[in-house]
Amino acid sequence: MLTFEEARGMVLANVAPLGRERVPITAASGRILAEDVRATRDMPQWDNSAMDGYAVRSADCAGPATLKLTGYQAAGDAVSPKVTHGCAVKIMTGSPIPEGCDAVVPFEETEEAGSSVNIHAPVRPRAHIRFRGEDVKTGDLVIPAGTALRPPEISMLASFGNAFVPVYRKARVAVLSTGDELVELGESLSSGKIVNSNSLSLAAAVEEAGAVPALLGIAPDEKEIMREKIAEGLKADALITSAGVSAGDRDFVREVLAELGVEQIFWGVNIKPGKPIAFGINNGKPVFALPGNPVSSLITFEMFVRPALRKMMGHPKPLKPLVKATLAEPIRKKAGKTHFFRVRIVVEDGEYIAWTSGDQNTGILRTMVHANGIAVLPSEKTVFEAGEKVDVCLLYQSAGTK
Ligand code: AMP
Ligand code: MG
């Protein structure tokens, strides 16, 4: 059977970035830039004052000096006329430096007296001036393609007047739950039925990954209806099904996928939980058949689906980097499979400490709720002592208090 790394490698090898689109900059945060962005002008565009103060000629201020005030310039004002020997212009932060001046003296180092200003100390040339192009020069590569757009990138894009931004398209991800026992939330729960929670948890996970979920509801364990629903799901950029993928009598998902022309890339991975996961490709689009157990479906989503969606949406590094966390308590496991162990990570003295989140049985959702990380425990190792470091995948950007 495939190892975790082999299987995930196959998933990533089979998906590629989707197309591009232009979105308003107000909708660009968190998206991945699809083209290099270069500076279309110098920034700042002109020499300007870094302080509220007086623009002067430093040669006039070799020592304490009194200068005649010939102008006032607030931020946004047009630039004052040329400043001549013995004169100064009162200037606000961000205002263009008038011609003839080569320094700004902050208010704190001066005293205004009527129509002149006393400068207390010698002034260095270039003091408190932000020079044209000192931040960015015309033509500079300011944000390379493949960058996730954060507030600083939005600032840079806006500064250069990009009202629209070229980004990779968001993946539209169909989510289908299968199982005769399922009813939708709000419907009456007769004997033997449970709420279809996977559709909602997987939709939330799709959103957390930055993609757009499309809920297809429930398909019973019956091939006809399942075929219709899956065919509908194959129109999306990716399809996720839950349940019906093990070896049970009524586990029809793989069979129906095959009938609809989905090429199975693998079925079964040496992991716990999530062993029966299947992965296929249909017209270049990925299909993930996840196990039905609510914990297994979320963990396999995190380990396989999320990286795939991130790659499809242009992330150059779709895998979340694992962090090292020190075990607060020992863990034992069987040899033979990579275990995804639910842990509660806390930060103590700036270091990640991992506590088990409790019962690791796949039927226990409570300990998934309590977990904020998944320790990835290698297949052959069985004993992990307290104090030992393990690799942890942080979940949903959370590492908090115990
Ligand atoms: P299966 O993969 O079909 O063997 O299902 C494994 C377990 O997950 C069973 O206990 C199912 O009842 C449960 N399950 C399957 N689908 C869902 C779902 N959509 N929401 C919540 N639990 C589910
Ligand atoms: Mg089932």
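Conventions we followed
- Residues numbered from 1 in each chain as written.
- Chains lettered and ligands numbered in written order.
- Predicted model: local features only at pLDDT ≥ 70, side-chain atom pairs only at ≥ 80, totals over all residues.
- Heavy atoms only, no water.
- Disulfide = S-S within 2.5 Å.
- Near = heavy atom within 4 Å.
- Polar contact = N/O pair within 3.5 Å; in protein donor to acceptor, adjacent residues only side chain to side chain.
- Areas by Shrake-Rupley, 256 points an atom, 1.4 Å probe, with all protein chains shown as cover.
- Nonpolar A, V, L, I, M, F, W, Y, C, P; charged D, E, K, R; others polar.
- Pairing = 2+ DSSP bridges.
- Helix = DSSP H or I, 4+ residues; strand = E, 2+ residues; numbered from the N terminus.
- Axes fitted to C-alpha atoms, helices over the stretch in contact; angles between N-to-C directions.
- Core = buried A, V, L, I, M, F, W, Y, C linked by side-chain atoms within 4.5 Å.
- Buried < 20%, exposed > 50% of the residue type's maximum accessible area, 1.4 Å probe, protein only.
- Domains from an automatic or database assignment.
- Contact = heavy atoms within 4.5 Å.
- Patch = residues over 30% accessible without salt bridge, like charges linked within 9 Å, V, L, I, M, F, W, Y side chains within 5 Å.
- Salt bridge = Lys/Arg side-chain N within 4 Å of Asp/Glu carboxyl O.
- Arc of directions from axis to C-beta.
- Parallel < 35°, antiparallel > 145°, perpendicular 65-115°, else oblique.
- Left-handed = near helix turned anticlockwise from the far one by under 90°.
- Phe/Tyr/Trp six-rings, centres within 6.5 Å; stacked < 30°, edge-to-face > 60°.

### Examining the state of the cysteines
Tallying each qualifying case throughout the model produces zero disulfides. No disulfide involves Cys101; its sulfur sits 9.1 Å from the nearest other cysteine sulfur, which is in Cys87.

### Describing the site of ligand 1
Around ligand 1 lies a shell of 15 residues, among which Glu181, Asn196, Gly244, Gly292 and Asn293 are the nearest. Residue Gly244 places a main-chain N or O atom 3.2 Å away from an oxygen atom belonging to ligand 1. Contact between ligand 1 and Asn293: an oxygen atom at 3.1 Å from a main-chain N or O atom of the residue. Burial of ligand 1 by the surrounding chains reaches 74%, relative to a free accessible area of 490 Å². Residues that form the shell around ligand 1 fall into these classes: five nonpolar, nine polar and one charged.

### Section: the sheet that holds strand β5 (residues 65-73)
With mixed pairing, the six strands of this open sheet are ordered in space as β7-β4-β6-β5-β9-β8. With partners counted over all chains shown, the strands left at the sheet margins are β7 (103-106) and β8 (110-113), one partner each. On average, adjacent strands in this sheet sit at an angle of 35° to one another, irrespective of strand direction. Looking at chain direction, β5 and strand β9 (residues 116-119) are connected through four bridges and run antiparallel.

### What to know about the nonpolar core
If you look at the biggest cluster of nonpolar residues, it comprises 42 residues, and the most contacted ones within it are Ile240, Phe266, Phe288, Phe301, Met303, Phe304 and Leu309. The biggest single contributor to this core is helix α6 (residues 294-312), with ten residues. Taken domain by domain, the makeup of this core includes at least three residues from each of domain 1 (4-16 + 170-312) and domain 4 (323-401). Among residues more than four places away in sequence, those in contact with Met303 are Phe4, Arg8, Phe340, Ile374, Val376 and Cys393. Listed in part, the 18 residues of the second largest apolar core include Ala174, Leu257, Val262 and Ala289.

### A look at the pairing of β5
Across five bridges, β5 lies against strand β6 (residues 87-91) in parallel orientation. Paired with Leu69 across the strands is Ala88, a residue of β6.

### Examining the domain arrangement of the protein chain
Each domain of the protein chain was delimited in the assignment, giving domain 1 (4-16 + 170-312), domain 2 (32-43 + 136-168), domain 3 (48-130) and domain 4 (323-401). The straight-line distance from the C-alpha centre of domain 1 to that of domain 3 is 68 Å.

### Focus: the side chain of Arg31
Position of Arg31 among the secondary structure elements: in the loop between β1 (20-24) and β2 (37-38). Judged by its relative accessible area of 10%, Arg31 falls in the buried class. Within the structure, Arg31 has its side chain in polar contact with the backbone oxygen of Tyr168 (distance 2.9 Å). Contacts of Arg31, omitting those with residues within four sequence positions, involve Glu21, Val23, Thr147, Ala148, Leu149, Val167, Tyr168, Arg169 and Lys170.

### Points about a nonpolar patch on the surface
Together, Leu185, Leu189, Val195, Leu200 and Leu215 give the surface a local cluster of nonpolar side chains, amounting to about 450 Å² of exposed area. By the element assignment, Leu215 lies in strand β16 (residues 212-219).

### Focus on helix α1 (residues 4-13)
Among the residues making up α1, those that are buried are Phe4, Ala7, Arg8, Val11 and Leu12. The buried residues of α1 occupy an angular sector of 135° when projected down its axis, which confines them to one face.

### A short note on the environment of Phe279
Here Phe279 shows up in strand β20 (residues 278-282). Remark: the alpha-carbon pair of Phe279 and Ile230, spanning 49 residues in sequence, is separated by 14 Å. Leaving out residues up to four positions away in the same chain, Phe279 has contacts with Met10, Val11, Asn14, Glu263, Gln264, Ile265, Phe266, Pro286, Val287 and Phe288.

### Observations concerning the packing of α1 against α6
Contact geometry of α1 with α6 gives a least axis separation of 9 Å together with a crossing angle of 30°. In terms of axis orientation, α1 runs roughly parallel to α6. Once α1 is placed against α6, the crossing between them reads as right-handed. Contact residues: α1 offers Phe4, Ala7, Arg8, Val11 and Leu12, while α6 offers Met303, Phe304, Pro307, Ala308 and Lys311.

### Structural notes on helix α3 (residues 198-208)
Listing the buried residues of α3 in full gives Asn198, Ser199, Leu202, Ala203, Ala205 and Val206. Buried residues in α3, looked at end-on, bunch into an arc of 160°, giving them a common side. Lining the buried residues of α3 we find β13 (172-178), β16, β17 (238-242), β21 (285-290) and α6. Two residues or fewer after α3 comes Gly210, characterised by a positive phi angle close to 95°.

### Side note on the packing of aromatic side chains
If you walk through the whole model with that rule in mind, you get six aromatic pairs. Between Phe266 and Phe279, the ring centres sit 5.6 Å apart and the planes meet at 35°, which makes this aromatic pair tilted. One end of the pair, Phe266, is in strand β18 (residues 263-267); the other, Phe279, is in strand β20, with 13 residues separating them in the sequence. Phe279 carries the same exposure label as Phe266, and that label is buried.

### Describing the packing of α3 against α6
Where α3 meets α6, the closest approach of the two axes is 10 Å, and the angle between their N-to-C directions is 25°. With respect to α6, the axis of α3 lies roughly parallel. Handedness of the crossing formed by α3 with α6: right-handed. Together, Asn198, Ser201, Leu202, Ala205, Val206 and Glu208 of α3 and Pro294, Ser297, Leu298, Phe301 and Arg306 of α6 make up the contact between the two elements. For the contact of α3 with α6, the per-class residue count stands at six nonpolar, three polar and two charged.

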